[in-house]
Amino acid sequence: MEISVIASSSVESEIGSWDLKTGNKLLQFKPCASPAHGLTAVGEKFLAASQLRKESASSGSIFYWSWNKPQVEVKSFPVESIKALTANNEGTYLVGGGTSGDIYLWEVATGKLLKKWHGHYRSVTCLVFSGDDSLLVSGSQDGTVRVWSLIRLFDDFQRQHGNTLYEHNFNEHTMSITDIVIDYGGSNALIISSSEDRTCKVWSLSKEKLLKNIIFPSAINSLALDPCGSVFYAGARDSKIYIGAINATSEYGTQVLGSVSEQSKAVTCLAYCADGNLLISGSESGMVCVWDPKSRRPVRTFNLGKNPVNNIQVVRKTIVANSNKAQSSWKRRGSLIPPPLEKYERSGEDTMDGIVTIEPLPYSDVPVYNSFLSADLIDEQVKELQQQGSAATEIEMERLKLEYKRSLQMNDQWQKNYENLLQVVMEEEQIGGSN
Amino acid sequence: MASFERFEDMYDSRLKPKILRNLLSEYVPNEKQPLTNFLVLSKVVSTISTHKLLSESPPASVDQNHHAKSNSAVDDWVNRLLALVSSDMPDKCWVGICLMGVTCQECSLDRFISSYSVWFNSLLSHLKNPASSRIVQVASCTSISDLLTRLSRFSNTKKDAVSHAAKVILPIIKLLEEDSSEALWEGIVHLLSTVVILFPAAFHSNYDKVEAAIASKILSAKTSSNMLKKFAHLLALLPKVKGTEESWSLMMQKLLISINIHLNNFFQGLEEETKGTKAIQRLTPPGKDSPLPLGGQNGGLDDAAWNSEQLIVSRVSTLMLCSSTMLTSSYKSKINIPVGSILSLVERVLAVNGSLPRAMSPFMTGIQQELVCAELPTLHSSALELLRTTIKSIRSQLLPYAASVVRLVSSYFKKCSLPELRIKLYSITTTLLKSMGIGMAMQLAQEVVTNASADLDPRSVEGFDAVSSKNMSLTNGAVLQACSKKRKHSTNSGVEAENSAFEVGVPHNHSSSPITLKIASLEALETLLTIGGALGSDSWRERVDNLLMTTATSACEGRWANTETYHCLPNKSTTDLDEFQLAALRAFLASLVSPSRVRPAFLAEGLELFRTGKLQAGMKVAGFCAQALMSLEVVIHPRALPLDGLPSLGNLFPESNSLASQKHNTPNPNKLNGIAHDGDDLCNKWLANADVPSNNAIQRTLETTLPFQETKRLKVGNDLATVTSLGVQDPTDMVASENVQQADVPVQVPEGSLGQISDKDATAPQDGYVEVVSGTQEGEDYVVKDSLMEEASIGKRESLDESDDDSIPSLKDDDFLSDSDAES
């Protein structure tokens, strides 16, 4: 397992990547200028980032990089500028939120735009998959947080019956949503959203309502969740990282428990790495800082030039430490980057050709072990031989005995017939003779 | 001389050659001595593997003499085996071949490398010789397979190994085509699988031949279903030979086409003909050549077969099994699964239920319909299995099709009444829930609950539940363990137990499926609760909790009373009942632990049940009950332990607090209290933590269980301090971990105590504050607490200490308090 940190900036520059354990600088990918939440690793396969473009540009753009090449491998141009981009855990689907509030869902393997729907009234700012990839939580500039069930989105039947598309709609935030995290609670998960209105709000997925409102002294740019619950980290515009307690109760709800450190410029992004319990922050100063939240001291810093960092991702890659052959096949596969994303939904029969591509598991290359069978076979055959000595043979024997008896009887019968016949013939002879 | 030699103990390595020689002379036949008793062979094999008799000690060992001895013993062993292998007598030959296989597995590395080629050739000669007896050929297949398996573990002999493996293919294919003995086929299939898995390169030139031979065996369907399964499995492995995505797709395409063609014939008159042609069109897109039919050009659709419904169904089932296996086995290249075609195939099969569309009725005779209907369940079962494996293999990528699969499953659930098929349906729902998560739980919950309730309905199996309901009424009346114990030991109940055992046994004997069906439905419910338990709070949750409690109680009551009776009967259905009990307990635990807005209604019953279960003899059940009790411990003693990872904020950055309060001008000075707290006194903290929520939870319960007016009245009726303090504390919903929320005490009880506690609560924080501050000064390691909650709890703890001698009319509360006092 190789754990690395990747960071990108809103100004055109490279995406930096560093090994989290050793601190070594890894390959850099360029050029990239992505909006906040616009950088994502697609499973373990490759790296994707939406690109900020000039206002004049008519379409958006999304770039792909494979892990072992610094240059852009695939460029896609969706119909509009994509703000938030994220992939599900397996890396099979890519979801992008556009400036118009539309949300796009692409199939990675084919590049097909499977679904496009109007998610929000204004630009989508962040997109998060639930832990099991079945729900999508989106946040928007209009201050709404919406929860979507992907299965239901694909259910045309229900769609036609005029139900609302979203599962939940949380609209208590008054300003643009800046970040969303969802905890490990499964169906009872908590969703935390941060906003420019200087609050973080905790929502319950199962109760479908606001549980907690936490007011901060400054607008919060980003969130990271301590996986063990109760605590989250909020990176604020006033250069502090605040620690919020989800469980806290108070009538007012200002639960700013402290800040990890002073930095000169706004904290723009946070990530939590459960492996080793590290908190990683990115700042407008271009610094990426790895913290040990227990001691609240920086463990390590990386520098992404002078450009403001606005995206950080922790990427885990399974390293197959095997023979040369396995590695070469990895490389071969690594270079297989899927086709670019399509602009429009296909219509009619063509929408689904019904083919789903399954990537091999990374460990399917390990040698197979077959088990030995001789010893079992001996037992089995011995048993068989024994049985033949008993049941089967007995039955056969009985059958033969019966047959033998029957033949004996038949034999007797024939003999009698013969004797009778002989007698008849003899009598005839005698009669004939006497005549 | 040697006989006077003494050994240290049973681990003495000098023992090995001795034992080996002994085996050789006593039990292994030679040229003159015939084999008398087959049973000794098993003994020989087990002795060899227990003592590792064939692993020669390394030459560098201390005792050169000993090394030579052990070496020569193994030499003798191998020579004897070779002699036996080439013997004319089939029995001796068989012994030699079998033991050779064991030798391949057990012998030392050097010996194997130096002589595998010789062994291989001597084994192969039997396969090539058509005159060899069947048992010898079977043994040769297995022994060669073991030899190749061992060979595959050396990387440096790869090339040689492939060329050896390649020599095997043609002779065994010839055998497969000529011979008709099932045992031999089994051996051949095993050997071929070994080669496919380990040395796919050995196939190259003969791939088509192998495929044709196996396909024709499947299509002829002239063998047991078990053997057909093995053939299907081998056929599914074949795409590994080429290892490309094309070969996989081609095989899948061939299978699906073949299945659809068969169905076209089978469903004649039962469905619209366009369905079949559409399916075939979909599989062979225009512009592309359709592949050769399965098994080559003349591979099998002989006309004679068309008349036998049974034959068609057995073919189709085998081919479907083959597709399922292909879907689930792992491949090195990516694969393109034709999900659309598979799903439409499944849909097509499930749509036919044997009824005749009105327009078609004149074209089908009653006999024909009868024959078709007799075979339909098998067909449906295979189709459902195919659906399950498809879901399993594509997991989250089912997304675009998920809605239609859900509709298919729900509609089939409504139609399906055969237990066997319903079990399959439940396992499909379980797979769907596991692979798609919460979103799927939202879609499927209602369906699962409705069907499981019907299948778990206690009235559906009379004998079983008549008894248990009798027991239930006993226990429900007074859930006293002592009572049930008495009942067990009294002579009177002995009779009753026997009776019930009899009655319990009967229904499952003549309909063994319902109990497996119940197990499947319990598993589905358990998965639903695990994945989406919190979603059903408004709708199905209460019903499910109730159902699972009843099921678990009845499942256990009937059994625990008469475990001994069961053990007397060597009856197979006992294990079924064990399984059922376990499934019921598991589902019950899930219903207790799964998140919910209210306190689990049957917690007391659950605890009692698991406690009784823990004392049972059956280790599986007892083990599970112990585990269940541990999980429930968190529910009864909610933990909000200090977070280990949480930085001690007050320690390094005290200014942040003031900063916060400054900026927002928060009028609550108490806020500071919660921030730092003495971390050493863990016990106090635990108490504090466990204690607080009860207060909040009480209020929650008040709010949730009573109409608003009522709540208000209650509050007003209480001490005024209560109202204010609670109101201040919990204006919105309390956000705490679910565990904490569960820690409420019965609603009606604590009104008095509540008033008292919170009365003091209002004054207490001042003290708490002082204590905390002193703690901050002394302690080294500060642990940050969750602000107000802790602060309140500190106050409360003290108030509790003070109000110690107040007798509180709640049993539980009382226990809890005295416990806490003892600990603090």
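Residues numbered from 1 in each chain as written. Chains lettered and ligands numbered in written order. Predicted model: local features only at pLDDT ≥ 70, side-chain atom pairs only at ≥ 80, totals over all residues. Heavy atoms only, no water.

### Examining the confidence of the model for chain A
All names here are of chain A.
Line of reasoning, step 1. With 86% of its residues at a pLDDT of 70 or more, chain A has an overall mean of 83.
Line of reasoning, step 2. Counted against residues more than four places away or in other chains, residues 251-255, with its pLDDT under 50, gives 23 contacts.
Line of reasoning, step 3. Low pLDDT (under 50) marks residues 322-335, which in the prediction has 18 contacts with non-local residues, meaning those over four places away or in another chain. (pLDDT = per-residue confidence, 0-100. Contact = heavy atoms within 4.5 Å.)

### Points about the UniProt feature "coiled-coil region" (unreviewed entry) in chain A
Line of reasoning, step 1. Under the local residue numbering, the UniProt record ascribes the feature "coiled-coil region" (unreviewed entry) to residues 397-431 of chain A.
Line of reasoning, step 2. Across residues 397-431 of chain A one finds 100% helix and 0% strand; the C-alpha atoms that close the span lie 50 Å apart. (UniProt positions renumbered as here; feature names shortened; annotations may be inferred. Helix = DSSP H or I, 4+ residues; strand = E, 2+ residues; numbered from the N terminus.)

### Concerning the packing of helix α15 (residues 339-351) of chain B against helix α16 (residues 366-394) of chain B
All names here are of chain B.
Line of reasoning, step 1. Between α15 and α16, the least distance of the axes is 9 Å, while the angle of their chain directions is 155°. Here α15 is positioned roughly antiparallel relative to α16, judged by the angle of their axes. In this structure, α15 crosses over α16, and the sense of that crossing is left-handed. Contacts between α15 and α16 involve V339, I342, L343, L345, V346, V349 and L350 on the former and, on the latter, L379, H380, A383, L384, L386, L387, T390 and I394.
Line of reasoning, step 2. Of the residues contributing to the contact of α15 with α16, the split by class is 13 nonpolar, two polar and no charged. (Axes fitted to C-alpha atoms, helices over the stretch in contact; angles between N-to-C directions. Parallel < 35°, antiparallel > 145°, perpendicular 65-115°, else oblique. Left-handed = near helix turned anticlockwise from the far one by under 90°. Nonpolar A, V, L, I, M, F, W, Y, C, P; charged D, E, K, R; others polar.)

### Describing the sheet that holds strand β13 (residues 135-140) of chain A
Line of reasoning, step 1. Taken in spatial order, the four strands of this open sheet run β12-β13-β14-β15 (chain A), and their pairing is antiparallel. At either end of the open sheet lies a strand with only one pairing partner, and these are β12 (124-129) and β15 (166-170) of chain A. The mean angle between the axes of side-by-side strands here comes to 20°, regardless of whether they run parallel or antiparallel.
Line of reasoning, step 2. As judged from the four bridges shared by strand β14 (residues 145-149) of chain A and β15(A), these two strands associate in the antiparallel manner. Paired with A:V147 across the bridge in β15(A) is A:H168.
Line of reasoning, step 3. Where helix α19 (residues 438-456) of chain B meets the sheet, its contacts fall on β13, β14 and β15 of chain A, and the angle it forms with β13(A) comes to roughly 115°. (Pairing = 2+ DSSP bridges.)

### Some remarks on unusual backbone geometry
All names here are of chain A.
Line of reasoning, step 1. The step from K30 to P31 runs through a cis peptide bond, and the omega angle for that step is -5°.
Line of reasoning, step 2. Looking at where P31 falls in the secondary structure, it is placed in strand β3 (residues 29-32).
Line of reasoning, step 3. The backbone of R198 sits at a positive phi, close to 70°, despite the residue not being glycine.
Line of reasoning, step 4. Here R198 lies in the loop between β17 (190-195) and β18 (199-204).
Line of reasoning, step 5. Non-glycine residue S239 carries a positive phi angle of around 75°.
Line of reasoning, step 6. Mapped onto the fold, S239 is located in the loop between β21 (231-236) and β22 (241-245).

### Looking at the sheet that holds strand β24 (residues 267-273) of chain A
All names here are of chain A.
Line of reasoning, step 1. Reading across the sheet, the four strands line up as β24-β25-β26-β27 and stay open at both edges, with antiparallel pairing between neighbours. The open sheet has two edge strands with one neighbour each: β24 and β27 (297-303). Shown here is a sheet whose adjacent strand axes are inclined to one another by a mean of 20°, direction ignored.
Line of reasoning, step 2. Pairing of strand β26 (residues 287-292) with β27 involves six bridges; the strand directions are antiparallel. Along β27, the bridge assignment pairs C289 with T301.

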